[in-house]
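These are the residues of each chain, in order.
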Amino acid sequence: MTNKMWGGRFSSEPAAIMAEINTSIDVDSRLFRQDIAVSRAHAAMLAKQGIISAADGKAIARGLDLVLKEMASGEFAFKREHEDIHGNVETRLRELIGPAAGRLHTARSRNDQVATDFRLWVRESIDEIDALLGAYQRALAEKALAHAATVMPGFTHLQPAQPVTFGHHLLAYVEMAARDRGRFAGARERLNECPLGAAALAGTSFPLDRAMTAKRLGFARPSANSLDAVADRDFVLEVLSAAAITAVHLSRFAEEIVIWTSPMVGFLDLSDAFATGSSIMPQKRNPDAAELVRAKTGRIVGALQALLMVMKGLPLAYQKDMQEDKESTIDALGTLSLCLGAMTGMVDDIRPNTARMREAATLGFSTATDLADWLVRALDMPFRDAHHVTGRIVAAAERLGVALDALPLEEMQAIEPRIGAEALRVLSVENSVKTRTSFGGTAPKNVRAQARRWLKKLRSKA
């Protein structure tokens, strides 16, 4: 039997298709750094506890360093007959240092080993994604500060609602990204327990120092239950959930970029750096970067769905099904990183067409609510009555085919005689956004203050 990790019980080779479906090295070779770090920590602990000799501990450490060097340089030839990253590392270690390599697996199982490896990999990925989210937030906040007073239409139901500023709109995505970072941070805190030492499922009779290996690998503590330690993939599900929500946020903004860069809307321009052309239509500039971010969201959401389906029917403890946790997760988090980089680049790149934005903000009688508010303040009218009166005034403007601020005063007074000329002043889009000074509102002074607050916070974190 060629498989020295588990072959003693078996008298014949597995079927070729069994070997094919069982092998995971094509995916988990990505975890070589984590696997070697885990093995180094485990060997050091075994030697300290007197479970293996100091000489064997040093030989194992020296051999693992050589394996790491070979893998990091690309010299190492991963072999599918060794099944997974653990088998490849251990087999090469035996070639380098001899029988002492066989002592490395004392008091551990591939079950706790892979759980530890993957926690380390996911933890590092969280840190990388958090940095990318921070860069995305900074780009948004800087653009928001520059366009704190740039008026544009705000939408509900994709219809003009009330005027807002472009800076205010961008800061909404800063807030979303902050929640995304919070979800990743919470997932990181909960995953930061070390499964190593749980062995196959029941712990071990060897006198381990699990606190030592946990500390050496940067975990906050060892996991408290050996069954849970090897059976848990909540840490992957949580991170994929955070990734899926983040991707949905990116996709929503990407959708707006696609719509707003259309000549029919014309709110934004993207440079050639983030657009492509057509093989047949020479005039085309397509916002493909935004479209691809929008599309790749499906891959990230799909990874979460896939792992939920894997885990939903699994009894305790480890099952081979759980080998399917890595491929889609590695792809999803890599895809999210790519999308974040692309979105940050587009935020830096986009150039708002301020005149077109302002023009669009005047459409659809967008300052009608300002008139209703004026009726409440100036005439002490109950808001429901003011809403009704304003609706009649909007209908009159629509009948005459004019904007609300171009409707003759006498037409308004025919509906509500107490309306004076001062009411006309509230109907400009600039006045509308200027008066929205409530906390969280779109007033330019609010936007500047919020953008500066975010930039200060983000710089201090960076």
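To start, this report covers the structure provided alongside it. (Residues numbered from 1 in each chain as written. Predicted model: local features only at pLDDT ≥ 70, side-chain atom pairs only at ≥ 80, totals over all residues. Heavy atoms only, no water.)

Ranked by internal contacts, the top residues of the largest apolar core, which has 70 residues, are Tyr 136, Phe 184, Phe 253, Leu 336 and Met 343. Mapped by element, the contributors of at least two residues to this core are helix 6 (110–146), helix 7 (166–191), helix 10 (234–260), helix 11 (288–311), helix 12 (325–349), helix 13 (354–361) and helix 18 (444–461). With 15 residues, helix 10 is the largest single contributor of residues to this core. When near neighbours in sequence (up to four residues on either side) are disregarded, Met 343 contacts Tyr 136, Leu 250, Phe 253, Ala 254, Ile 257 and Val 293. Ranked by size, the runner-up nonpolar core spans 23 residues in total, among them Ile 25, Met 45, Ile 51 and Ile 52. (Core = buried A, V, L, I, M, F, W, Y, C linked by side-chain atoms within 4.5 Å. Buried < 20%, exposed > 50% of the residue type's maximum accessible area, 1.4 Å probe, protein only. Helix = DSSP H or I, 4+ residues; strand = E, 2+ residues; numbered from the N terminus. Contact = heavy atoms within 4.5 Å.)

Now for the pattern of salt bridges. A complete count under the given rule lists 27 salt bridges for this structure. Arg 358 is the partner of Glu 430 in a salt bridge, and the nearest nitrogen-oxygen pair spans 2.5 Å. Note that Glu 430 is positioned in helix 17 (residues 429–435) and Arg 358 in helix 13, a separation of 72 residues in sequence. Given a relative accessible area of 35%, Glu 430 falls into the partly exposed group. Measuring nitrogen to oxygen at the nearest pair gives 3.5 Å for the salt bridge that ties Asp 373 to Arg 436. With Asp 373 in helix 14 (residues 368–379) and Arg 436 in the loop between helix 17 and helix 18, the pair connects residues that are 63 residues apart, well separated along the chain. Among the charged side chains, a network of salt bridges with common partners joins Glu 83, Asp 84, Arg 110 and Lys 320. (Salt bridge = Lys/Arg side-chain N within 4 Å of Asp/Glu carboxyl O.)

Let us now look at the packing of helix 10 against helix 12. Helix packing geometry: the angle between the two helix axes and the distance between the axes. Interhelical geometry of helix 10 versus helix 12 gives an angle of 35° and a closest axis separation of 10 Å. The interaxial crossing formed by helix 10 with helix 12 has left-handed handedness. Judged by residue contacts, Val 236, Val 239, Leu 240, Ala 243, Thr 246, Ala 247, Leu 250, Phe 253, Ala 254 and Ile 257 of helix 10 engage Asp 325, Thr 329, Ala 332, Leu 333, Leu 336, Cys 339, Leu 340, Met 343, Met 346 and Val 347 from helix 12. (Axes fitted to C-alpha atoms, helices over the stretch in contact; angles between N-to-C directions. Left-handed = near helix turned anticlockwise from the far one by under 90°.)

With that settled, consider helix 3 (residues 32–48). In this model helix 3 runs 24 Å from its N-terminal to its C-terminal C-alpha over 17 residues, within 8% of the 24 Å that 1.5 Å per residue would give. For helix 3, the complete set of buried residues consists of Phe 32, Gln 34, Asp 35, Ile 36, Val 38, Ser 39, Ala 41, His 42, Ala 43, Met 45 and Leu 46. Check the buried side of helix 3 and you find it contacts helix 2 (25–28), helix 4 (54–73), helix 5 (85–97), helix 6 and helix 8 (210–216). Positive phi shows up at Gly 50, right after helix 3, with a value of about 75°. (Expected span 1.5 Å × (residues − 1).)

What follows deals with the pairing of strand 2 (residues 159–165). The pairing of strand 1 (residues 151–156) with strand 2 spans five bridges and is classified as antiparallel. Its bridge partner being in strand 2, Pro 153 is matched across the sheet by Pro 163. The antiparallel pairing of strand 1 with strand 2 creates a hairpin that spans two residues between the two strands, and His 157 there sits at a positive phi of about 60°. (Pairing = 2+ DSSP bridges.)

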